[in-house]
Each structure stands twice: as structure tokens, then as C-alpha cells.
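Chain residues, written in single-letter form:
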Amino acid sequence: MVRSRAERVADWAVYAAMLVLALAFLLPVLWLASLSVRTQAEVFLGAARFIPEAPTLDNFVRVLRDGGFQSYIWNTVKLASLGAAGAVALAAPAAYALSRMAFRGKGPLMLAVLSVQMVSGLVVLIPLYRFMDRLGLLESHFGTTLLYIAAGIPVTIWLLKVSFDAVPRSLDDAAAMDGLSRVESFALITLPLALPGLISAFILNLILNWSQFLIPFIMLSADDKWPISVAIFRFAGSTSAATTQLLAAACLLAIVPALVIFVVLQRYILAALTAGAVKE
Amino acid sequence: MADQSAHPAKDPLARIAAPAITSADATPVRQRRAGAAARILSGPLPWLLPALGVLGLFYLYPIFEAVRLAFTDARLFDTETQLSMRSISSMVGSSTLGVILRNTLTYTVASVVGQIALGLAIALLVMRAERARLRGTLALRTIVLAAWVIPAIANGIIWQLLFSEAPFGAINSALRLMGVAPVAWLSDPSNAMTSAVIATIWQGTAYSMILLYAALKTIDPALYEAAAIDNARPWERFWFITLPHLRAALVVNAILILIMTLNMFDTILALTGAGQAGRPRSCRFTPMARCSRISNWGAGPRCRCCCWSSRWG
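Visitor: What am I meant to see in the pattern of salt bridges here?
Guide: Where side chains of opposite charge bring their charged atoms close, a pairing between them can arise. Under the counting rule described, the total for this entry stands at 6 salt bridges over all chains. As a salt-bridge pair, R100 of chain A and D172 of chain A come within 2.5 Å of each other at their nearest N and O atoms. Here R100 of chain A, found in helix α4 (residues 67-100), pairs with D172 of chain A, found in helix α8 (residues 169-177); they are 72 residues apart in sequence, far enough to count as distant. You can call D172 of chain A buried: its relative accessible area is 9%. Notably, a salt bridge pairs K217 of chain B with E130 of chain B, separated by 3.2 Å at the nearest N-O pair. Of the two residues, K217 of chain B is situated in helix α10 (residues 189-217) and E130 of chain B in helix α6 (residues 96-131); the sequence distance between them amounts to 87 residues. Using a relative accessible area of 47% as the deciding quantity, one classes K217 of chain B as partly exposed.

Okay, structure coming up:
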């Protein structure tokens, strides 16, 4: 295809716009990286030292040496993965029922599940705090995980329903003729075929849980129980201008795992993000 | 995934499902063995119960409690002793309520519109670049999406470092290098709103971009070819082909973004609140203690705005 002169000019304009956008989305993170490898003296030189003259890894060493940091990361991994697994495990049967069974009130039920998502966590914060206190679940990872699961269930039900809908029903009928029960047909046929959807839902939950702040913030007050989000928030509150480079290093270390998961598993995340909305 | 049904032969399950036709005589035996448990499991209730139970316990019950407590004299750690309208009337009568609601409205509308507009612009740009087979579209998409993955608290801290009015604030020190007077991004209340909106848009745009990009992909290219034959101008193609086809996706996107933005709290908290020593503690307890007296449907914005209004109010 021969491209006209006007089209080639337009291509350059598109390139320029893409470059500007890429910079706009990269620079904030690059600034964080720049601050994190500076010495305290260079931090105060601001943008003039975007590329530091005396870069140092000292800040990372200091953050990583702090025994707390490892426990924050471990707590985050534990809460995020258990919460994601729990949400998928509980949402899967519900999504299967919504996908395969006909019953009264199904439409309203699905809308209700979605509208639960619209209620801000802040609205239920206080009653939830009192409720968890009465159950004796405050300050425990068990109680915190339960809330992660609850927060993940609505969107997971929707995602999994979409993937189960895509598995041909005729396979269920064939399984039923073969004498498989509903549970067997769900476990042996639908689940394996919907595996990409299950993985997508798990990873989306994992990333959302990695960012989760409000739930651990109200549930856990002991330092050694905090996930990284609460820890860096507390750290940001206690730092002064003199320790900005440490805050930047800690912040960078907190987002790197989420970024790595994202880049490696991008395909699944894109699948999860677009599943619900495009198949209207 | 749907195309699997079109190729049953390639389907790994065809092998499992195939014997079904030949071994239909096994059915009665299996059914008898399954017994009563299977009959219960053929209804939807046991399937729905685990998920709905957890939602009911940790979502629905607290919502009802929030409404009930709003009409009592409960405090965070004291149980309620009597019904009271004091909480409601003190909230409605509060002079800051108007400011809070206006702040919430401004923030939400600006953030939602910004995220959708920028997301659509990037999606269109990526489509245009892909059509011309330009390189780097995947890189751009990945970079934009990476912002979405950054935890909201970290996002708030990053933007606080960018907007900071100290010597290490990126934007102000860059402005100073260019000889432009620095801006009070966070300490001036009206600028703080703009700053919060920018931080929110930066992080949230990826979601709109990816949804709208997926929707753009579903538009039949033949429509654009037909438009080209008719000599339609670019804006005409956008207005008469792209937009009408995007309508459903835009509505879904707007609803989802609206929910996310209304629930946005972490970024703003970290952006405006975390920088000061001792702040987090009061931020944790003051709004909660206040909300427990004025807790109702408005407790959400109220809580958020206790933190906000201490800065912006």
C-alpha cells in the first residue's frame, strides 16, 4: 500500500502524540526512581539532578535491611493471594449457578451483586469495625482475609459468569446423559474449560488486593501485621524532607511486585478487564 | 473462547463427552447412587450460598447497621443507648456539609470526564497507529496500563512528591529551572482539587483506554472504507461511525469509572494527608469517631471529607 504524503505527515503527528503520552505516564515513576537513587544532598537539587551525579543504592539497602520491610511484603503476598483464592473459590459456584440454572429472581440477584460493588467501603467502615470487634476478628489476618474475599466476590462473580457462559452448554447436556452429576460436570468439565477465565479473575483480584488499603488500615494496628500499603502510608506520615529518598525507595519497592505481575501476566489482566464490559 | 463450540473435534472435552452417547444405560445407576444430596445440589441455592453468605455478612449487614446507627446515639466504641435524630440533624445542619458535597461533586465529575476523554483519545491514537502499522503501540499501552496497577496509596505518594512545594518537588523545580514561578499545588485549596483530579486521572485512564480500545476493535472496518469512498472527513467518521458504535461501551465505562471514583479515597488521603507527621493517626480516628455519630448513607462521603475538609474545608 502506497501511503500518501498527507498520511505520512499524519503518521509523524501520531508518533509525536504517542511519545508525549508515553512520557506523561512514565515520568512520574521515573521521578520516583530518580529520587530513590539520590543522596540526601542531591534530593534537594530537585529537577536539576534528574539523573543524579552520584547515584547510590544505599536507600534500597537501608529499606531492605529494615526487618519490617520483609514482613510487610510477606503479609501483602499472604493477604492478597489468600483473598484472591478465596474470592475465586466462593464466586465460582455462584457464577456457575447464575450461568447454568434458571430460577426466579436471577436478574435482580445479579443486579444486586453488582450494586453491592457500588457501596463504598467507607460507608460500611464503622459498622464493620464494630462487627469485627464483636466477632473478635480485629487484628487478625484471618478476619482481614475474610474482608478481602468479600470485597472481591462481586466482580469475580461477574467475571466468572462471563467465562462460564462461553463454555458450550451442550457439554453439560452430554455430561448429564453420561450420568455425571451437576457437581461432577461443574468440576470436571466447566472449570477446566474456563481455566483462562479463572486465572484472569485470580490475577485481577491479586492486583486489586495488592493495592488494598482501607481494610488492613482499619483491621490491623500492629506493625508486624501490616501489608505494604499501610506500611508505606504510615512511613510517609512519619518521614520528613530529609528522608524523602528513603520514602521514594520504599515506594518503588512497594510497586515493583505489582508491576512485575502485571508485565508478565498482562494477557490475563487484559482478558479480565475487557471480559465484563465488551460482552454486553 | 466461544469459538470452541464451533470446533468440537479440536476440543479436548470431546473425548470425555463422546462416550455419553454409547453409555446412556449407565444413567439410572449413577442417579440412584447420587440420591438426595444430588437433588439438593441441582437447585441454585447451595451454589449461591457461600458467596451470598459472605456478602451478606460483611456487606449487607454493615449497610443495614450503618442506616440503623445513624438514628441512634452510638459512638465508635460505645454501644447505642437510645434512638436519636441528633446525628442526622447535626450532619444536615453542619456548615461544612455543603462544601463537602460540592467538593465531592467537582472531584467526581472532573475525574470521570477526564478519565473517559483521555482514555478515548489514547484508544483512538493506538488504533490509528496500528492501522498505519506504526511501532510502539504495545509499549504505549503497557506504559499506560502500568499506572493502573500502581497501588492507590503509592500513587498518592508519587504525586505528592511531584507536586511537593519543597525543593525536591518535580513540577515546581522544573518550573523554576524554566524561570516560571512555582505553584502552590497542594497548600492552596483550589489547586489541591486540581492536583487530586490530575493524580486520579493519571492512574485511572488506563481502564477507560482498554475498555474503549476493545470496543473500537469490534467496529467493522468496512464502515470506514465505505466512509472513505464517500469522502467523509475524519471528524465525520468519528461522529457518525465511531461514536454511535461506542455508545454501549461508553455507558458501561462511565458507570464503572463513576463507581471507582466515588470510592476513591486512598490516593487523596496519601496525596493530601500523609505528608504531615502525626496526621495519619488523627485522620484514622477523627473521621471515624465523627462518623459514628453521623453515620448514615452519607457516611462515606462524610468520612472522606472529614479528611478532605481538614485540608480544603
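More follows now that the structure is in view.
Visitor: Explain the interface of chain A and chain B here, please?
Guide: By a frequent convention, interface size equals the accessible area lost on bringing the separate parts together. At the interface, 105 residues of chain A touch 109 residues of chain B. Both faces combined, the contact of chain A with chain B buries some 9700 Å², and carbon together with sulfur accounts for 79% of it. Connecting chain A to chain B are 1 salt bridge. We note a salt bridge from R128 of chain B to D11 of chain A, for which the minimum N-O separation is 3.1 Å. In this assembly, chain A and chain B are joined by 4 residue pairs in polar contact (both at pLDDT 80 or more). Counting residues per element, the side of chain A that touches chain B draws most heavily on helix α1 (residues 5-36) of chain A, at 17 residues.

Visitor: Explain helix α11 (residues 221-229) of chain B here, please?
Guide: One turn of the α-helix equals 3.6 residues, which is why residues spaced by three or four share an orientation. Sitting at the amino-terminal end of α11 of chain B is D220 of chain B, which places a side-chain oxygen 3.0 Å from the backbone nitrogen of A222 of chain B. Looking one or two residues beyond α11 of chain B, the residue adopting positive phi is N231 of chain B, at roughly 60 degrees.

Visitor: I'm lost on the packing of aromatic side chains in this one. Help?
Guide: Two aromatic rings, taken as a pair, are described by how far apart their centres are and by the angle between their planes. Enumeration over the complete set of coordinates arrives at 19 aromatic pairs over all chains. An angle of 15 degrees between the planes, with centres 6.1 Å apart, marks the rings of F25 of chain A and W202 of chain B as stacked. One end of the pair, F25 of chain A, is in helix α1; the other, W202 of chain B, is in helix α10, on a second chain. For F25 of chain A, a relative accessible area of 4% translates into the label buried. Overall, W202 of chain B belongs to the buried group, its relative accessible area being 5%. Of the aromatic side chains, those joined through ring pairs into one cluster are F25 of chain A together with W159, F163, W185 and W202 of chain B. Taking NZ or CZ as reference, R38 of chain A lies 4.9 Å from the ring centre of W31 of chain A, over its face. Here the basic side chain of R267 of chain A rests over the ring of Y268 of chain A, its NZ or CZ set 4.8 Å away from the ring centre.

Visitor: What is the right way to look at the packing of α4 of chain A against helix α7 (residues 141-165) of chain A in this model?
Guide: Helix packing geometry: the angle between the two helix axes and the distance between the axes. Residue and element names in this part refer to chain A. Where α4 contacts α7, the axes come no closer than 5 Å and their chain directions differ by 40 degrees. The pairing of α4 with α7 is recorded here as oblique in orientation. Of the two elements, α4 crosses α7, and the hand of that crossing is right-handed. Classifying every residue of the contact of α4 with α7 by side-chain character gives 18 nonpolar, 9 polar and 4 charged.

What counts and what doesn't
- Residues numbered from 1 in each chain as written.
- Chains lettered and ligands numbered in written order.
- Predicted model: local features only at pLDDT ≥ 70, side-chain atom pairs only at ≥ 80, totals over all residues.
- Heavy atoms only, no water.
- Salt bridge = Lys/Arg side-chain N within 4 Å of Asp/Glu carboxyl O.
- Helix = DSSP H or I, 4+ residues; strand = E, 2+ residues; numbered from the N terminus.
- Buried < 20%, exposed > 50% of the residue type's maximum accessible area, 1.4 Å probe, protein only.
- Contact = heavy atoms within 4.5 Å.
- Buried area = accessible area lost by both parts, 1.4 Å probe.
- Polar contact = N/O pair within 3.5 Å; in protein donor to acceptor, adjacent residues only side chain to side chain.
- Phe/Tyr/Trp six-rings, centres within 6.5 Å; stacked < 30°, edge-to-face > 60°.
- Lys NZ or Arg CZ within 6 Å of the ring centre and 35° of its normal.
- Axes fitted to C-alpha atoms, helices over the stretch in contact; angles between N-to-C directions.
- Parallel < 35°, antiparallel > 145°, perpendicular 65-115°, else oblique.
- Left-handed = near helix turned anticlockwise from the far one by under 90°.
- Nonpolar A, V, L, I, M, F, W, Y, C, P; charged D, E, K, R; others polar.

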